[in-house]
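For reference, the chains in residue letters:
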There are 2 protein chains.
Amino acid sequence: MTVAEIARSFVERLERRDWDGFSALLHPDVVYEVPQTRERIRGRDTYVRFNIEYPGDWHLAPEIVLADEGGRDASVLFRWELDGDSMQGIVYLEVDDGVVTKVTDLWPEPYEPPPGREHLVERY
Amino acid sequence: MTVAEIARSFVERLERRDWDGFSALLHPDVVYEVPQTRERIRGRDTYVRFNIEYPGDWHLAPEIVLADEGGRDASVLFRWELDGDSMQGIVYLEVDDGVVTKVTDLWPEPYEPPPGREHLVERY
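Per chain, residue numbering runs from 1 following the sequence as it is written. Chain letters start at A and ligand numbers start at 1, both assigned in the order the entries are written. The model is predicted, so local features are restricted to residues of pLDDT at least 70 and side-chain atom pairs to those at 80 or more, both for listing and for counting; the totals for chains, interfaces and linings are taken over all residues. The basis for every side-chain value is the complete set of heavy atoms in the structure, and neither hydrogens nor water enter the calculation.

Student: I keep staring at the pattern of salt bridges and nothing clicks. Help me out?
Tutor: Between side chains of opposite charge, a pair can form as their charged atoms come close. Salt bridge criterion: a side-chain nitrogen from Lys or Arg within 4 Å of a carboxyl oxygen from Asp or Glu. A full pass over the atoms with the stated rule returns 20 salt bridges over all chains. The partner of R16 of chain A in a salt bridge is D18 of chain A, and the shortest N-O contact between them spans 3.6 Å. Relative accessible area decides the class of each residue, using a 1.4 Å probe on protein chains only: under 20% of the type maximum gives buried, over 50% gives exposed, and in between gives partly exposed. Owing to a relative accessible area of 54%, R16 of chain A belongs among the exposed residues under this scheme. As a salt-bridge pair, R117 of chain B and E39 of chain A come within 2.6 Å of each other at their nearest N and O atoms. Remark: E39 of chain A occurs in strand β2 (residues 39-42) and R117 of chain B occurs in the loop between β6 (99-106) and β7 (122-123); the pair is interchain, linking two chains. Here R117 of chain B falls in the buried class, since its relative accessible area comes to 10%. Connected through salt bridges with shared partners, the residues E33, R40, R42 and K102 of chain A together with E122 of chain B form a single ionic network. Comment: elements are numbered from the N terminus, with helices defined as DSSP H or I runs of at least four residues and strands as E runs of at least two.

Laid out in structure tokens, this is it:
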């Protein structure tokens, strides 16, 4: 698989709860990080467990898959649905020899815009 | 320029306050959106004005540039610094005929992790 195909499969296998297939994409020493909460998980077994245990009826679908085919980086912008709520998430992957060695999740949650730019901006 | 080069230049010209060079990357009818706040700006002149007026001593530097070279999508994960604070931001670009037609900003701000996964996760 190309780096982009690995990135797309990563999200699709999560959605299918295909835990064997998901594990097969991961290096045994994979590191998972959430910079916003400064959380880190080390190792494939623990990271797969984290996903299995993730609460709620969650679903995710790829929207934009990008990869540096000459290198090791890829990302997926995905639609995330959980118990009726919907938002976007982004996962960055580092791929080495066909397996994912690093996963970084980013969760841009809704917020109120700062004042002072209403003269330039519409709301939708 | 390739789509990836356009994406990198987009961030670098913002950082240099090279407003003429920045404008040259943009389609006259460029649309800017922030999904988290549901803000939208229409048109190059207004969008450049938005950046010129953006308050504070802000700086940004590319960290990961990814592009779909066969297509029109690119993204830049960048380090954002504002008045001593530091975070990451992501900008997605759509490029058509060498100019940017759509800009989407995502701002993953810090948050407290939900309870229930402390047995799997360390903090850093």
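Student: For this particular structure, what's the right way to read the relation of the copies chain B and chain A?
Tutor: Applying a rotation about an axis and a shift along it to one chain copy brings it onto the other copy. Superposing chain B onto chain A takes a rotation of 180° plus a shift of 0.0 Å along the axis, which leaves an RMSD of 0.0 Å. The superposition of one copy onto the other is thereby described by a two-fold rotation axis. When C-alpha distances to the rotation axis are compared across chain B, the minimum falls at P108 of chain B, with a value of 2.0 Å. Comparing contact sets, 100% of the residues at the interface of chain B also lie at the interface in chain A, consistent with an isologous, same-surface contact. Fitting of the copies onto one another was done by least squares over C-alpha atoms, counting residues only where both copies have pLDDT of at least 70. In this analysis, two residues are considered to be in contact whenever any of their non-hydrogen atoms come within 4.5 Å of each other.

Student: What exactly am I supposed to notice about the interface of chain B and chain A here?
Tutor: Frequently, the measure chosen for interface size is the accessible area that the parts lose on association. Across the contact, 42 residues belong to chain B and 42 residues belong to chain A. Carbon and sulfur atoms make up 58% of the area that chain B and chain A hide from each other, which totals about 4200 Å². Counting the contacts that link chain B with chain A gives six salt bridges. In protein, a polar contact requires one atom able to donate a hydrogen and another able to accept it; more generally it is a pair of N or O atoms within 3.5 Å, and residues adjacent in sequence count only if both atoms are side-chain atoms. Across the chain B-chain A interface, the total number found is 16 residue pairs in polar contact (both at pLDDT 80 or more). Secondary structure elements with two or more residues in the side of chain B that touches chain A: β1 (26-34), β2 (39-42), α3 (44-53), β3 (58-67), β4 (73-82), β5 (85-96) and β7 of chain B. Ranked by residues supplied to the side of chain B that touches chain A, first place goes to β4 of chain B with five residues. Classification convention: Asp, Glu, Lys, Arg as charged; Ala, Val, Leu, Ile, Met, Phe, Trp, Tyr, Cys, Pro as nonpolar; all other residues, Gly among them, as polar. Of the residues contributing to the side of chain B that touches chain A, the split by class is 22 nonpolar, six polar and 14 charged. In this analysis, strands are considered paired if DSSP registers two or more bridges between them. When β2 of chain A meets β7 of chain B, the two strands line up antiparallel, connected through two bridges. In the sheet register, E39 of chain A faces β7 of chain B, and the bridge partner there is R123 of chain B. Note: buried area is the sum, over both parts, of the accessible area (probe 1.4 Å) each one loses when the two are combined.

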